[in-house]
Amino acid sequence: MKEMLLLLIGSALVNNFVLVRFLGICPFLGMTRQVETALGMGVAASLVLVMSALAAWLVQAYVLVPLKLAFLQIVVFILMIAVLVQLLEMVLKKSSPELYKAMGIYLALITTNCAIMGIALLVVTKGYTFLETLVFAVGAGLGFTLAMVIMAGVREELEYADIPPSLRGSSLALLIAGIMSMSFMGFAGLVPM
């Protein structure tokens, strides 16, 4: 149980996909203007993270390795992630049209989000069990969502600040991301990895 808790904390904070591994930067910078949309994107990406990690583990363990097709791993994972994102898109379009419209192009970009592919490859290469894969993916999703919401909160607060014109827009967002990244690196001694 202790190992699972350490794995969860480690994947959420110590090895945060956005702020430490630098995966998934596109939605991190593009969808963090409002907390609501950042939270929606974080939850959507987290669902795909968990589903793709579990599906990657199952496909690797029960299809690719037994059939000696491990060399097709990347192609199979790309197709699997695309299908999962399409399913999520259909569900969101039906259940939450407002969130679907707010996400716009970024919902389709989950397919090419390197954090999604990264988790699929990480769980396979690290040799996690199915339960470890689930815990790792949930932690990664929580960390991704946490980073998105914190960034959106900071950017919302800065809307009312007197910022020099040269720092407005992308340059300020990148500065904030760098400071957040340095702060998350402070978690490095929290969990031995």
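Further up the page is the structure itself.
Presented here is an overview of the structure given in this document.

Thresholds applied
- Residues numbered from 1 in each chain as written.
- Predicted model: local features only at pLDDT ≥ 70, side-chain atom pairs only at ≥ 80, totals over all residues.
- Heavy atoms only, no water.
- Helix = DSSP H or I, 4+ residues; strand = E, 2+ residues; numbered from the N terminus.
- Rg over C-alpha atoms; globule rule 2.2 N^0.38 Å.
- Buried < 20%, exposed > 50% of the residue type's maximum accessible area, 1.4 Å probe, protein only.
- Contact = heavy atoms within 4.5 Å.
- Areas by Shrake-Rupley, 256 points an atom, 1.4 Å probe, with all protein chains shown as cover.
- Axes fitted to C-alpha atoms, helices over the stretch in contact; angles between N-to-C directions.
- Parallel < 35°, antiparallel > 145°, perpendicular 65-115°, else oblique.
- Left-handed = near helix turned anticlockwise from the far one by under 90°.
- Nonpolar A, V, L, I, M, F, W, Y, C, P; charged D, E, K, R; others polar.
- Core = buried A, V, L, I, M, F, W, Y, C linked by side-chain atoms within 4.5 Å.
- 1 Å grid on protein atoms, 1.4 Å probe; cavity = no way out; pocket = protein on both sides within 12 Å on 5 of 7 lines; lining within 4 Å.
- Points joined across faces, edges and corners; volume = space filled by probe spheres on them.

### A short note on the overall build of the protein
Point 1. From N to C terminus, the protein includes nine helices and zero strands.
Point 2. Put simply, the protein runs from its N terminus to its C terminus through helices and strands in the order α-α-α-α-α-α-α-α-α.
Point 3. For 193 residues, the compact-globule estimate of 2.2 N^0.38 gives 16 Å, and the protein sits close to it at 17 Å.
Point 4. Along the three orthogonal principal directions, the C-alpha set of the protein runs to about 60 × 45 × 30 Å.
Point 5. Taken across its 193 residues, the protein has 44% of its residues classed as buried.
Point 6. Once local pairs closer than 6 in sequence are excluded, the contacts in the protein between residues at least 24 apart make up 78%.
Point 7. Accessible surface computed for the protein: about 10200 Å², of which carbon and sulfur atoms make up 72%.

### Thoughts on the packing of helix α7 (residues 114-125) against helix α8 (residues 130-158)
Angle between the axes and distance between the axes are the two parameters that describe a pair of packed helices.
Point 1. Put simply, α7 and α8 touch, their axes get as near as 11 Å, and they point 150° apart. One finds that α7 runs roughly antiparallel with respect to α8. The handedness of the crossing between α7 and α8 comes out as right-handed. Counting all contacts with α7, which are made through Ile-119, Leu-122 and Val-123, the residues of α8 involved are Thr-133, Phe-136, Ala-137 and Ala-140.
Point 2. Per-class residue counts for the contact of α7 with α8 are six nonpolar, one polar and no charged.

### Some remarks on the nonpolar core
What tends to happen in soluble globular proteins is that the nonpolar side chains get buried as a cluster.
Point 1. Membership of the largest hydrophobic core comes to 55 residues, with the highest contact counts inside it found for Phe-28, Phe-77, Ile-110, Ile-119 and Phe-136.
Point 2. If you list the elements that add at least two residues to this core, you get α1 (2-14), α3 (35-64), α4 (73-95), α7, α8 and α9 (170-184).
Point 3. A total of 12 residues in this core trace back to one element, the largest contributor, which is α3.
Point 4. When near neighbours in sequence (up to four residues on either side) are disregarded, Phe-136 contacts Leu-7, Ser-11, Phe-17, Arg-21, Ile-119, Leu-122, Val-123 and Tyr-128.

### Remarks on the layout of surface pockets
Point 1. Volume-wise, the largest pocket comes out at about 250 Å³.
Point 2. For the lining of the largest pocket, the element with the highest residue contribution is α9, accounting for three residues.
Point 3. Of the residues contributing to the lining of the largest pocket, the split by class is six nonpolar, one polar and four charged.

### Some thoughts on unusual backbone geometry
Phi is mostly negative for residues that are not glycine, and the peptide bonds are mostly trans.
Point 1. Although it is not a glycine, Phe-22 adopts a positive phi angle of roughly 60°.
Point 2. Considering the arrangement of structural elements, one finds Phe-22 in the loop between α1 and α2 (25-30).
Point 3. Positive phi values are uncommon outside glycine, yet Lys-68 reaches one of about 55°.
Point 4. Within the secondary structure, Lys-68 sits in the loop between α3 and α4.

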